[in-house]
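Take a look at the letters that make up each chain.
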Amino acid sequence: MSDELSMAPGSGNQKLSVEEANTLAAELRSQLREGLVPASDSEAIERMVAGLGDARGLMRLTFAESLGVVGGAAVPALCRALRCHENVTVRRAAAKTLTLIANPAALPTLLEALLADSDPVVQGSAVGAMAAVGELALDQLFSVLVHPEASAMQQGLASWGIAFIGAKAPEALRQAASSPDAGIRAAAVAALGDQIQALGDVRARQLLLYALDDPDTEVRAEAATLLGKLHEPEWACPRLLPLLTDAEEQVRKNAALSLMKLGAKHALPALQASVDREEHPDVRVVLELAINQLNR
């Protein structure tokens with residue numbers, strides 16, 4: 001193991017020898033046990049950020065927890081490390097530490113990390129930190145869905161972050177479910193489940209029904225999937241059955257899978273009729289799976 005842990009140019013010039021890292025970590029653990037807040041001057045923060053590059057996971061955890069306790073004062077240094085550090089371990093740990101702090105000031109840097117960092121773990125950790133902020137992160141996460149250069153993985157991570165925020169931002173999600181952009185509508189519809197179930201949100205339920213007739217395939221497919229997660233077969237099944245004849249393969253698949261999840265044995269005749277007329281082998285496989293499961 002290298003005997004030095006260093007900050008990249010632009011993230012500070014602190015360097016910790018392994019002995020210095022051990023000593024600092026011991027001091028920080030003692031402070032945390034006593035309920036004390038570690039020193040929050042810039043030099044102390046840079047030393048802790050430097051420690052995020054330690055090869056030992058438990059050591060990194062000590063530095064991350066200490067920075068989390070420091071809170072907002074540590075955000076600028078963590079953002080610099082996330083943006084500029086050459087060591088991917090530091091960038092990963094910086095994003096995860098920002099999750100502990102959940103400070104909106106970090107959102108621009110987190111969005112940049114999601115879109116520009118080459119490491120998928122950094123991208124995922126950046127989304128986790130954005131989701132921890134909550135509703136204030138939604139605009140940035142939605143922007144990824146319409147970003148012309150965002151990869152499918154980046155858009156998928158953004159959709160996960162939106163779903164994680166879920167019912168914590170009911171009005172924002174309702175508005176997004178009516179967005180002119182189909183990708184945003186699909187992500188918002190997929191995230192409506194919590195507020196339909198936990199909050200009894202009638203407007204969200206109505207938006208889900210609208211989504212079943214959306215002109216976009218992805219939106220209809222997400223709506224079909226969500227119906228299967230609501231554990232309301234009497235309400236959902238009559239709305240899923242027409243989707244078995246949808247023009248798009250993915251919608252038909254999702255409808256069949258949702259009927260299967262809901263245990264909709266009364267849908268067996270409709271599923272069998274769908275098998276008989278289905279021309280696409282991959283859809284037929286899903287339909288037969290649903291029938292086999294429901295017949296058990």
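What this report covers is the structure whose coordinates are included nearby. (Residues numbered from 1 in each chain as written. Predicted model: local features only at pLDDT ≥ 70, side-chain atom pairs only at ≥ 80, totals over all residues. Heavy atoms only, no water.)

## With respect to the overall build of the protein
Of the regular secondary structure elements, the protein holds 18 helices and 2 strands. In terms of overall size, the protein is more extended than a compact globule, its C-alpha atoms giving a radius of gyration of 24 Å where 296 residues would be expected to give roughly 19 Å. Once the C-alpha set of the protein is aligned to its principal axes, its extents read approximately 70 × 40 × 35 Å. For the protein, with 296 residues in total, the buried portion stands at 49%. (Helix = DSSP H or I, 4+ residues; strand = E, 2+ residues; numbered from the N terminus. Rg over C-alpha atoms; globule rule 2.2 N^0.38 Å. Buried < 20%, exposed > 50% of the residue type's maximum accessible area, 1.4 Å probe, protein only.)

## Observations concerning the side chain of Gln195
For Gln195, the position within the fold is in helix H12 (residues 193-197). Exposure remark for Gln195: the relative accessible area of 0% places this residue in the buried category. A polar contact of 3.4 Å, which involves the side chain of Gln195, links it to the backbone oxygen of Pro170. With residues up to four places along the chain from it excluded, the contact list for Gln195 reads Gly166, Ala167, Pro170, Leu173, Arg174, Gly200, Asp201 and Ala204. (Polar contact = N/O pair within 3.5 Å; in protein donor to acceptor, adjacent residues only side chain to side chain. Contact = heavy atoms within 4.5 Å.)

## Some remarks on the packing of aromatic side chains
Under the defined criterion, the tally for this structure stands at 1 aromatic pair. Here Arg205 stacks its cationic end above the ring of Trp235, 4.6 Å away from the centre of that ring. (Phe/Tyr/Trp six-rings, centres within 6.5 Å; stacked < 30°, edge-to-face > 60°. Lys NZ or Arg CZ within 6 Å of the ring centre and 35° of its normal.)

## Re the packing of helix H16 (residues 249-261) against helix H18 (residues 281-294)
Orientation of H16 relative to H18, taken along the N-to-C sense of each, is 10 degrees, at an axis distance of 9 Å. By the angle between their axes, H16 is roughly parallel relative to H18. On the side of H16, the interface is formed by Glu249, Arg252, Lys253, Ala256, Leu257, Leu259 and Met260, while H18 contributes Asp282, Val283, Val286, Leu287, Leu289, Ala290, Gln293 and Leu294. Its residues assigned to classes, the contact of H16 with H18 shows 10 nonpolar, 1 polar and 4 charged. (Axes fitted to C-alpha atoms, helices over the stretch in contact; angles between N-to-C directions. Parallel < 35°, antiparallel > 145°, perpendicular 65-115°, else oblique. Nonpolar A, V, L, I, M, F, W, Y, C, P; charged D, E, K, R; others polar.)

## Here we look at the packing of helix H4 (residues 75-84) against helix H5 (residues 88-101)
At a closest axis distance of 8 Å, the pairing of H4 and H5 adopts a crossing angle of 145 degrees. Between H4 and H5 lies a crossing of left-handed hand. Between H4 and H5, the contacting residues are Val75, Leu78, Cys79, Ala81 and Leu82 on the first element and Val90, Arg91, Ala94, Ala95, Thr97, Leu98 and Ile101 on the second. For the contact of H4 with H5, the class distribution of residues is 10 nonpolar, 1 polar and 1 charged. (Left-handed = near helix turned anticlockwise from the far one by under 90°.)

## Brief notes about the pattern of salt bridges
Summed over the entire model, instances satisfying the criterion amount to 13 salt bridges. A salt bridge links Arg203 to Glu171; the nearest nitrogen and oxygen atoms lie 3.4 Å apart. Of this pair, Arg203 sits in helix H13 (residues 202-211) while Glu171 is found in helix H10 (residues 170-176), placing the two residues 32 residues apart along the sequence. Under the relative-accessibility criterion, Glu171 is labelled partly exposed at 30%. (Salt bridge = Lys/Arg side-chain N within 4 Å of Asp/Glu carboxyl O.)

## Details of the environment of Ile196
You can see Ile196 is positioned in helix H12. C-alpha separation for the pair Ile196 and Pro170, spaced 26 residues apart in sequence, amounts to 9.6 Å.

## Some words on H13
Along H13, the positions that sit buried rather than exposed are Ala204, Leu207, Leu208, Leu209 and Ala211. Buried residues along H13 sit in contact with H10, helix H11 (182-190), H12, helix H14 (217-229) and helix H15 (233-240). Two to three positions downstream of the cap, the backbone nitrogen of Arg203 sits 3.0 Å from a side-chain oxygen, assigning the N-cap of H13 to Asp201.

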